[in-house]
Amino acid sequence: MPENEMERKDREAWEVSDMIRSAGNIVETALRAEDEASRKALRDAAKTILQQAIARLDESVGASYAD
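For clarity, every value in this text was computed on a predicted model and none was experimentally measured.

(A) Summary view of the overall build of the protein. Across its full length, the protein holds two helices and zero strands. Within the protein, the proportion of its 67 residues that are buried is 13%. Put simply, 45% of the contacts in the protein that link residues at least 6 apart link residues at least 24 apart. Within the structure as shown, the protein displays about 5,200 Å² of accessible surface, and the carbon and sulfur contribution to it stands at 55%.

This is the structure in structure tokens:
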């Protein structure tokens with residue numbers, strides 16, 4: 001595999017993993033939040049990031065969300 005292809009795959013893997021970690025951090029914050037509106041907003045943000053991460057993963061591996 002050419003080096004630039006390996007670098008592309010490494011970068012994609014890191015970026016998708018980072019999105020998932022970020023969503024996890026937001027979930028922790030949501031669970032600790034006192035205000036109901038804040039918890040809902042944080043939950044929605046985490047779900048959006050996770051959906052984006054799933055879409056990128058599917059693109060990267062040629063799969064679909066329905067799998």
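(B) Spotlight on the side chain of Glu12. If you trace the backbone, Glu12 turns up in helix H1 (residues 3-32). For Glu12, the side chain forms a polar contact with the side chain of Ser60, separated by 2.9 Å. Residue contacts for Glu12: discarding those within four places in its chain leaves Arg56 and Ser60.

(C) Molecular detail of the pattern of salt bridges. As enumerated under the stated definition, the model contains nine salt bridges in all. A salt bridge links Arg8 to Glu5; the shortest N-O distance between them is 2.7 Å. Residue Arg8 and its partner Glu5 are both found in helix H1; the two are separated by three residues, about one turn of the helix. For Glu36, the salt bridge goes to Arg39, with nearest N and O atoms at 2.3 Å. Placement of both Glu36 and Arg39 in helix H2 (residues 36-61) is noted, with a separation of three residues, approximately one turn of the helix.

(D) How the structure looks around the environment of Ser22. In this fold, Ser22 is placed in helix H1. On the basis of relative accessibility, which here comes to 29%, the residue Ser22 falls in the partly exposed class. Spatially, the C-alpha atoms of Ser22 and Ala46 are 7.9 Å apart, while their sequence positions differ by 24 residues.

Thresholds applied
Residues numbered from 1 in each chain as written. Predicted model: local features only at pLDDT ≥ 70, side-chain atom pairs only at ≥ 80, totals over all residues. Heavy atoms only, no water. Helix = DSSP H or I, 4+ residues; strand = E, 2+ residues; numbered from the N terminus. Buried < 20%, exposed > 50% of the residue type's maximum accessible area, 1.4 Å probe, protein only. Contact = heavy atoms within 4.5 Å. Areas by Shrake-Rupley, 256 points an atom, 1.4 Å probe, with all protein chains shown as cover. Polar contact = N/O pair within 3.5 Å; in protein donor to acceptor, adjacent residues only side chain to side chain. Salt bridge = Lys/Arg side-chain N within 4 Å of Asp/Glu carboxyl O.

Keep in mind these numbers describe shape, not what the thing actually does.
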